[in-house]
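# Survey of secondary and tertiary structure
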Amino acid sequence: MQKGAPMTPQTTTGRTNQKLRTRAAILGAAVELMRTGGEVAMPDVARVALVSEATAYRYFPDLASLLKEAMAGQWPTPEEALASVADSRDPVERVAAATEHLLRLVLTYQGATRAMIAATITRPAAVGARPALRLGLIDHALAPLADTLGATDPAALARLKNDLVVVVSAEALFTLTDLCGMDADAAVASAVHTATTLTRAAVQAQAETAARTAVDH
């Protein structure tokens, strides 16, 4: 098109389509890098997408916003993640499965997970970019307690969920691998042990309370 030529519907459509293709290329590059488990940084994304870093930043203002969109649709739902224990009503077994699932997922996407934590840890306002997968997994894993502990002592159930949020997390996993020097499998096993110990203690406390109540009546 000659300089100064009027815009036509075809020209506008062409530019819009080009922008959509560029945006899709950037997202696709981010997903590709995420799946390697390696480091994810905006210069690397731009290189894989065959665009300049400046162009990548025009479409996504920061790495956190890019990773948030790239991660969307990559994770299974809590129901899908816990399909192997779908028939179990044992919250301990379900929490073990949820912990194992999440931490294995973190290891698979370790570079992107570290990048997301780094991009948001010093910017509380950007924390909404983090997918917070653990919250849905924990809620689903503890669903059998809704009619027992949740009915008799909802505050105790809330405490258990908060306790598990600390353990069923990338931060806990990286503490074990980076600071404690544990290998990945040992770190996952340690987190599963802690999560199930917390859950078992809460279930036992509820059962003891229920037993005392029955005796009193």
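Going by the structure above, here's the rest.
The paragraphs below set out a description of the structure included in this document. Just so you know, these numbers come straight off a predicted model, no measurement behind them.

## Focus on the overall build of the protein chain
Looking only at helices and strands, the protein chain has 12 helices and 0 strands in total. Start at the N end of the protein chain and walk to the C end: the helices and strands fall as α-α-α-α-α-α-α-α-α-α-α-α. Per-residue burial over the protein chain gives 37% buried out of 217 residues. Once local pairs closer than 6 in sequence are excluded, the contacts in the protein chain between residues at least 24 apart make up 69%. Here the protein chain displays about 12000 Å² of accessible surface, and carbon together with sulfur accounts for 57% of that area.

## Re the environment of Leu 66
On the secondary structure map, Leu 66 appears in helix H4 (residues 63–71). Along the chain, Leu 66 and Ile 26 lie 40 residues apart, while their C-alpha atoms are 8.5 Å from each other. Contact partners of Leu 66, with chain neighbours within four places excluded, come to Ile 26, Leu 27, Ala 30, Met 42, Val 45 and Phe 60.

Reading guide: rules and limits
Chains are numbered independently. Their residues run from 1 in the order of the written sequence. Local features in a predicted model are, by the rule used here, given only for residues with pLDDT of at least 70; side-chain atom pairs are given and counted only at 80 or more, and totals for whole chains, interfaces and linings are based on all residues. Only hydrogens and water are set aside; all other atoms, that is, all heavy atoms of the structure, feed into the side-chain values. Numbering of helices and strands runs from the N terminus, with a helix taken as a DSSP run of H or I at least four residues long and a strand as a DSSP run of E at least two residues long. A simple rule labels every residue: compare its accessible area, found with a 1.4 Å probe on the protein chains alone, to the largest value its type can have, and call it buried under 20%, exposed over 50%, or partly exposed in between. In what follows, a contact means two residues having at least one pair of non-hydrogen atoms within 4.5 Å. Here the accessible surface of atoms and residues is derived via Shrake-Rupley with a 1.4 Å probe, and residues count as covered only by protein chains that are part of the display.

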